Each structure stands twice: as structure tokens, then as C-alpha cells.
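Below are the chains, spelled out letter by letter.
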Amino acid sequence: MASSQSQGIQTLLEAEKEAAKVVQQARQYRLQRLKDARSQAQKEIEEYRKTKDEEFRKIEGQRKGLIETAQATVDKETEAKLKVVQESLTKNRDAVVKKLLDRVVLVRPELHRNLTKLQSQ
């Protein structure tokens, strides 16, 4: 009886060791699958990032041409307006200076309109 009991215990211990090995292998398999999944996800993220960067650079290149064209147009318009202002300045400078000097030098002394209202009442 002792021998069959010890043999039964020995069988249980071996089964327990075998179960522990199976559990350990399952854990290692799970960890390996997680590592593989992480590396695969990282690769997919890098590929996605590359495609989006390429799309961005393509769009940026297209927009850059439009921006440069618009900037050139704005620069031309600004130069034309500045030229008109400079021409107007040279043409009207003397008349404006004369008007300013006339206003400053030729003063007509008058009573303020509020004071004239008070005096008329």
C-alpha cells in the first residue's frame, strides 16, 4: 500500500511538473506573440508615417508653387501702388506744402462759435 501510495504521489508530482512546463510554455508563447505583435504594429506605424510624410511633401510642393506665384503677384501690385503714390507725391508736393503754409501763416482771427452764440443771446 505504501508503495502504491508513493507511486501515486510520484505520478501526481510528475503530472504537476508537466502541467507547470505546459503553463510556462504557454506563457512564453504568449509573450513571444505580444513581442511579435508590437514589432509588427511598429512596422505598420512607420509605413503609415512614411506614406503620410510623402503625401504631405507632395501637397506642400504643390502649394509652394501657388504661394510663390501669389507672392509674386502681390509684390508686383505693391510696386505698382508705390509707384503711383510716389508719382502723386512728386506731382502734388508743392501744392500741399503751399496749402499747409497758408493755413499756418494766414490766420483769420475769429471768435469761437460757442462764444458767438453766447454773445448773441
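Quick caveat, the model's predicted, so the values are computed rather than measured.

**Q** Sorry if this is basic, but what is going on with the overall build of the chain here?
**A** Along the chain, the regular secondary structure elements total 2 helices and 0 strands. Radius of gyration (C-alpha) of the chain: 47 Å, far over the 14 Å computed for a compact globule of 121 residues. Taken along its principal axes, the extent of the C-alpha atoms in the chain is 140 × 50 × 20 Å. Within the chain, the proportion of its 121 residues that are buried is 0%. For the chain, the accessible area works out to roughly 12300 Å², and carbon and sulfur atoms hold 57% of it.

**Q** Sorry, what's going on with the UniProt feature "coiled-coil region" (unreviewed entry) in the chain here?
**A** In the UniProt entry, the feature "coiled-coil region" (unreviewed entry) is given for residues 12–58. A helix fraction of 100% and a strand fraction of 0% characterise residues 12–58, whose end C-alpha atoms lie 68 Å from each other.

**Q** Looking at this model, I keep getting lost on the pattern of salt bridges. Mind explaining?
**A** Charged atoms that come close allow side chains of opposite charge to pair. With the rule as written, the count across this model stands at 4 salt bridges. Salt-bridge contacts for K98 lead to D102; the nearest nitrogen and oxygen are separated by 3.2 Å. Taken as a pair, K98 and D102 lie in helix α1 (residues 2–105) at a separation of 4 residues, close to a single helical turn. For D102, a relative accessible area of 31% puts it in the partly exposed group.

**Q** Is there a simple way to explain the environment of E77 in this structure?
**A** On the secondary structure map, E77 appears in helix α1. Note: C-alpha distance between E77 and D36 (41 residues apart in sequence) is 61 Å.

Parameters and conventions
- Residues numbered from 1 in each chain as written.
- Predicted model: local features only at pLDDT ≥ 70, side-chain atom pairs only at ≥ 80, totals over all residues.
- Heavy atoms only, no water.
- Helix = DSSP H or I, 4+ residues; strand = E, 2+ residues; numbered from the N terminus.
- Rg over C-alpha atoms; globule rule 2.2 N^0.38 Å.
- Buried < 20%, exposed > 50% of the residue type's maximum accessible area, 1.4 Å probe, protein only.
- Areas by Shrake-Rupley, 256 points an atom, 1.4 Å probe, with all protein chains shown as cover.
- UniProt positions renumbered as here; feature names shortened; annotations may be inferred.
- Salt bridge = Lys/Arg side-chain N within 4 Å of Asp/Glu carboxyl O.

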